[in-house]
Amino acid sequence: MRRLAQGFYARPVVEVARELIGCVIEHDHVSGVIVETEAYHDSEPASHAFIGLTLRTATLFGPPGRLYVYRSYGIHALMNAVTEAEGVGAAVLIRALEPVDGIEIMRRRRGLERVEDLCSGPGKLSQALGVGLSYNGVDLASGPVAIGPRPRAWRQVQILAGPRIGITKAVTLPWRFWVANSRFVSR
DNA sequence: CATGGGATTGACT
DNA sequence: GTCAATCCCATGC
């Protein structure tokens, strides 16, 4: 699969979050189309990067086009694509996929049958793809996880925007994007 | 060194 | 609708 170049990520995070909708994410022959994203930026308190550069946030402040993976609620691995210039802490959380390849592998990893339940949440899709904490910092342009451009059929889909989910600060920013009428978005 | 919170999920009432 | 699981990391003593 042809991959998005680093320049794609080296732009304002909200723009990248919107444009990642419809793109394909792939790991080890398992793949899906991104149908839901959220943007996070160090200027607003919902972002992990808001506290500044620490051991945890180092990947966020690093070069764009890398993967930021962290553990949520002690249980789940959540995946983000790092954006903007090095030194700015900004990333796009991948929140849901429409499964494409390796659906049987996803079912085995998730222990579930329904296709709509495999990747319809940020913790679910990491498990379905087989991506864990050890992937923090890998380069999306050359590493084991790849993101490619929108297939032709996905170039015209309607994208909606609204408030982000599951946060307690900056709750009104409309920085969540999703495909209208998709059965594969979270919730 | 101890503590507290969290960008979630699945099970249960 | 409610709620617990579970662990990494930042912070404070």
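Residues numbered from 1 in each chain as written. Chains lettered and ligands numbered in written order. Predicted model: local features only at pLDDT ≥ 70, side-chain atom pairs only at ≥ 80, totals over all residues. Heavy atoms only, no water.

Undergrad: How would you explain the protein's contact with DNA strand B if you had to name every residue and give the values?
TA: Residues in contact with DNA strand B amount to 20 residues; listed here are only the nearest, Tyr 70, His 76, Asn 80, Arg 110 and Gly 123. A distance of 2.9 Å is found between a phosphate oxygen of DNA strand B and a backbone nitrogen or oxygen belonging to Gly 123. One of the backbone N or O atoms of Lys 124 is found 3.4 Å from a phosphate oxygen in DNA strand B. Only strand 3 (67-72), strand 4 (76-82), strand 5 (90-101) and helix 5 (122-129) provide two or more residues apiece to the surface near DNA strand B. Partitioned by chemical class, the residues of the surface near DNA strand B number eight nonpolar, nine polar and three charged. (Near = heavy atom within 4 Å. Polar contact = N/O pair within 3.5 Å; in protein donor to acceptor, adjacent residues only side chain to side chain. Helix = DSSP H or I, 4+ residues; strand = E, 2+ residues; numbered from the N terminus. Nonpolar A, V, L, I, M, F, W, Y, C, P; charged D, E, K, R; others polar.)

Undergrad: Outline the packing of aromatic side chains, listing residues and values.
TA: Tallied over the full model, the rule gives two aromatic pairs. Plain terms: the ring middles of Phe 8 and Tyr 9 are 5.3 Å apart, the flat faces sit at 80° to each other, and that makes the pair edge-to-face. The residues Phe 8 and Tyr 9 share a single accessibility class, namely buried. Ring centres of Tyr 68 and Tyr 70 lie 5.5 Å apart, and the angle between their planes is 20°; on these two criteria the pair is classed as stacked. This pair shows no difference in class: Tyr 68 is buried, exactly as Tyr 70 is. Just above the ring of Trp 178 sits the side chain of Arg 176; from NZ or CZ to the centre is 4.4 Å. (Phe/Tyr/Trp six-rings, centres within 6.5 Å; stacked < 30°, edge-to-face > 60°. Buried < 20%, exposed > 50% of the residue type's maximum accessible area, 1.4 Å probe, protein only. Lys NZ or Arg CZ within 6 Å of the ring centre and 35° of its normal.)

Undergrad: I'd like to hear about the protein's contact with DNA strand C, residue by residue, with values.
TA: With respect to spatial proximity, the complete set of residues near DNA strand C consists of Ile 51, Thr 54, Leu 55, Arg 56, Arg 71, Tyr 73, Gly 74 and Ile 75. Counting only the atoms of DNA strand C within 4 Å of the protein, the fraction contributed by sugar and phosphate is 65%. Note that a phosphate oxygen of DNA strand C is positioned 2.6 Å from one of the side-chain N or O atoms of Thr 54. Take Gly 74: an N or O atom from its main chain is 3.3 Å from a sugar or linking oxygen of DNA strand C.

Undergrad: Break down the state of the cysteines for me, citing the residues and quoting the values.
TA: Enumeration over the complete set of coordinates arrives at zero disulfides. Cysteine Cys 23 shares no disulfide, and the gap to the nearest cysteine sulfur, in Cys 119, comes to 16 Å. On the basis of relative accessible area, Cys 23 is assigned to the buried category, the value being 2%. Owing to a relative accessible area of 0%, Cys 119 belongs among the buried residues under this scheme. (Disulfide = S-S within 2.5 Å.)

Undergrad: Lay out the pairing of strand 8 (residues 176-179) with the relevant residues and their values.
TA: Burial along strand 8 is two-sided: the face carrying Arg 176 and Trp 178 and the face carrying Phe 177 and Val 179 are both buried. Across three bridges, the pairing between strand 2 (residues 30-41) and strand 8 is antiparallel. Counterpart to Glu 36 in the pairing with strand 8 is Trp 178. As judged from the four bridges shared by strand 7 (residues 159-162) and strand 8, these two strands associate in the antiparallel manner. Residue pairing across strands places Gly 162 opposite Arg 176, the latter belonging to strand 8. (Pairing = 2+ DSSP bridges.)

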